[in-house]
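The primary structure of each chain is shown beneath.
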Amino acid sequence: MRITKLATLAAATLSLGLLAAAPSFAQAPQPTEKSDKMAPPIATKTSPTAGAKSEPAKTEATKHELLDINSASAEQLDALPGIGKAYSAAIIKGRPYKGKDELVQKKIVPEKTYDGIKDKIIAKHKS
């Protein structure tokens, strides 16, 4: 009877150990996926001599430049998707902004329009 309880306890411990190890196996490929995503920028940096490859790098840099809503001109704001002359005038009138999310909080632009431009704008503070 005592041997049966000991065997049952050992089997339960073994199965719990296998269950605890299973999630670690499932998470192992995750770092390789991240490193795969990071590999292309490294590859473009290692070959700056090719003229064709340096131009896409410049376009990527211009895509990541954020427009400061506290200092942008009406034409620059008007160029944002979903922002026309009326919204750009309202943005300029509501300056200064502590954060870009104030465009929605102050009801300057609708949330749907803000969702389209939030990755392209920033609200810099004067120091």
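Conventions we followed
Residues numbered from 1 in each chain as written. Predicted model: local features only at pLDDT ≥ 70, side-chain atom pairs only at ≥ 80, totals over all residues. Heavy atoms only, no water. Helix = DSSP H or I, 4+ residues; strand = E, 2+ residues; numbered from the N terminus. Buried < 20%, exposed > 50% of the residue type's maximum accessible area, 1.4 Å probe, protein only. Contact = heavy atoms within 4.5 Å. Areas by Shrake-Rupley, 256 points an atom, 1.4 Å probe, with all protein chains shown as cover. Salt bridge = Lys/Arg side-chain N within 4 Å of Asp/Glu carboxyl O.

The chain is annotated in an unreviewed UniProt entry as Helix-hairpin-helix protein from Rhodopseudomonas faecalis.

(A) Representation of the overall build of the chain. The number of helices and strands found in the chain is seven helices and two strands. Going from N to C terminus, the chain has its helices and strands arranged as α-α-α-β-α-α-α-α-β. Residue burial in the chain is summarised as follows: out of 127 residues, 17% are buried. Across the chain, the fraction of contacts at a sequence separation of at least 24, relative to all contacts at a separation of at least 6, is 45%. Accessible surface for the chain amounts to roughly 10,000 Å². Of this, 63% is attributable to carbon and sulfur atoms.

(B) Quick look at the pattern of salt bridges. Here the structure, examined in full by the defined rule, presents two salt bridges. In this structure, Glu102 and Lys106 form a salt bridge, with 3.6 Å as the shortest nitrogen-oxygen distance. The salt bridge involving Asp115 is made with Lys118; its shortest N-O contact spans 3.9 Å. The exposure class of Lys118 is partly exposed, given its relative accessible area of 31%.

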